[in-house]
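What follows is the residue order along each chain.
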Amino acid sequence: MRSGLLKQTAAGLRMVILLTLLLGIVYPLAVWGVGQIPGLSAQANGSIVQVDGQPVGSSLIGLNPVAKDPDNDPYFHTRPSATASDFSATDNTKLGLADNDAATSAPSNLSADNPVLVAQIKARKEEIAKREGVSVDQVPTDAVTASASGLDPSISPAYAKLQIARVAKVNGLSADQVTKIVDDNTSGRAAGFLGEPGVNVLALNLAVQAAKR
């Protein structure tokens with residue numbers, strides 16, 4: 001009986017060691033290796049966008065840029081985030097991106113008639129209208145509502161166009177130049193009929209910076 005128990009214990013240990021090697025080391029390395037194949041590596045590594053060899057963000061995660069001088073804001077802005085991230089300005093990227101944490105990606109889960117959400121939307125509309133120098137009723141819906149993830153990297157063409165005049169003026173570019181940048185970075189509906197057209201905010205801001213050089 002004791003001999004049989006030892007054999008079972010030894011067999012169990014061998015299985016633990018074998019499965020640990022296969023599932024804990026070999027399989028993860030194989031998946032990682034496939035992810036490094038050219039054509040897949042960018043997506044597997046987070047779709048990181050680099051400028052001059054330095055990471056400035058991800059094309060899949062919306063980070064709302066923070067202007068050092070709010071009265072001379074040179075950036076296109078994303079949709080508001082529903083995450084609990086700290087929106088204080090940082091100096092660790094070339095775009096002065098807010099320190100959003102994708103690990104906390106989530107919707108607000110507030111109903112459309114929730115007093116908190118209603119107050120948030122009202123405040124956001126007033127803030128954006130003041131920043132862009134327009135009336136409150138000109139602010140598009142996506143400018144004041146968070147996406148399901150809370151970190152949408154794109155905005156509607158309408159929200160992008162609302163920001164053109166300010167971005168052009170602050171960056172010393174013509175409205176036509178910035179309009180072309182918006183048009184060049186506008187993507188259509190997936191498969192031609194799914195979703196809505198969008199404009200990647202990180203791509204917009206990088207293109208504006210490039211146009212200034």
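Everything that follows concerns the structure shown earlier in this document.
If you're wondering where the values come from, they're calculated on a predicted model, not measured in any experiment.

Reading the values: the criteria
- Residues numbered from 1 in each chain as written.
- Predicted model: local features only at pLDDT ≥ 70, side-chain atom pairs only at ≥ 80, totals over all residues.
- Heavy atoms only, no water.
- Helix = DSSP H or I, 4+ residues; strand = E, 2+ residues; numbered from the N terminus.
- Buried < 20%, exposed > 50% of the residue type's maximum accessible area, 1.4 Å probe, protein only.
- Contact = heavy atoms within 4.5 Å.
- Areas by Shrake-Rupley, 256 points an atom, 1.4 Å probe, with all protein chains shown as cover.
- Core = buried A, V, L, I, M, F, W, Y, C linked by side-chain atoms within 4.5 Å.
- Patch = residues over 30% accessible without salt bridge, like charges linked within 9 Å, V, L, I, M, F, W, Y side chains within 5 Å.
- Salt bridge = Lys/Arg side-chain N within 4 Å of Asp/Glu carboxyl O.
- Pairing = 2+ DSSP bridges.

The subject of this paragraph is the overall build of the protein chain. When you go through the protein chain residue by residue, the secondary structure sums to six helices and five strands. Reading the secondary structure of the protein chain in the N-to-C direction produces α-α-β-β-α-β-α-α-β-β-α. Within the protein chain, the proportion of its 213 residues that are buried is 31%. For the protein chain, contacts bridging at least 24 residues in sequence account for 58% of all contacts bridging at least 6. Surface accessibility of the protein chain: about 13,000 Å² in total, with carbon and sulfur atoms responsible for 60%.

Let us now look at the nonpolar core. The biggest cluster of nonpolar side chains holds 23 residues, and the ones touching the most others in it are Phe 76, Ile 128, Val 178 and Leu 204. Among the secondary structure elements, those contributing two or more residues to this core are helix H3 (115-132), helix H4 (157-171), helix H5 (175-184) and helix H6 (201-212). A total of six residues in this core trace back to one element, the largest contributor, which is H4. In this structure, Val 178 is in contact with Phe 76, Ile 164, Val 167, Ala 168 and Leu 173, ignoring residues within four places of it in sequence.

A word on the side chain of His 77. Tracing the chain through its elements places His 77 in the loop between strand E2 (54-58) and H3. Residues contacting His 77, with those up to four places away along its chain left out, are Asn 64, Pro 65, Arg 131, Ile 155, Tyr 159, Gln 163, Arg 166 and Val 201.

On to a nonpolar patch on the surface, then. A cluster of nonpolar side chains, namely Met 15, Ile 17, Leu 18, Leu 19, Leu 21, Leu 22, Leu 23, Ile 25, Val 26, Tyr 27, Leu 29 and Val 31, defines an oily patch on the protein surface of about 1,100 Å² accessible area. By secondary structure assignment, the location of Leu 21 is in helix H1 (residues 2-35). Classification of Leu 21 by relative accessible area gives partly exposed; the value is 43%.

Of the strand pairs in this sheet, strand E1 (residues 48-51) and E2 are connected by four bridges, and their pairing is antiparallel. Within the sheet, the bridge partner assigned to Ile 48 lies in E2 and is Ser 58. What sits between E1 and E2 in their antiparallel hairpin is a turn of two residues, with Asp 52 showing a positive phi close to 55 degrees.

Counted under the stated rule, the structure contains six salt bridges. Between Asp 73 and Arg 166 there is a salt bridge whose closest N-O contact spans 3.7 Å. With Asp 73 in the loop between E2 and H3 and Arg 166 in helix H4, this pair connects stretches of sequence that are 93 residues apart. Judged on exposure class, the residue Asp 73 and its partner Arg 166 are both buried. A salt bridge links Glu 126 to Lys 122, with the shortest nitrogen-to-oxygen separation between them at 2.7 Å. With Glu 126 and Lys 122 both in helix H3 and four residues apart, this pair spans about one turn of that helix. For Glu 126, a relative accessible area of 41% gives the class partly exposed. One salt-bridge network, held together by shared partners, links Asp 73, Arg 131, Glu 132 and Arg 166.

To continue, consider the side chain of Thr 78. Structurally, Thr 78 can be placed in the loop between E2 and H3. When sequence neighbours within four positions are dropped, the list of residues in contact with Thr 78 reads Gly 62, Leu 63, Asn 64, Asp 152, Ile 155, Tyr 159 and Val 201.

The three strands lie next to each other as E3-E5-E4, forming an open sheet whose pairing is antiparallel. The open sheet has two free edges, formed respectively by strand E3 (154-155) and strand E4 (186-187), since each of these has just one partner strand. Here two bridges tie E4 to strand E5 (residues 198-200), and the two strands are oriented antiparallel to one another. Residue pairing for E5: Ser 187 is matched across the bridge by Gly 198.

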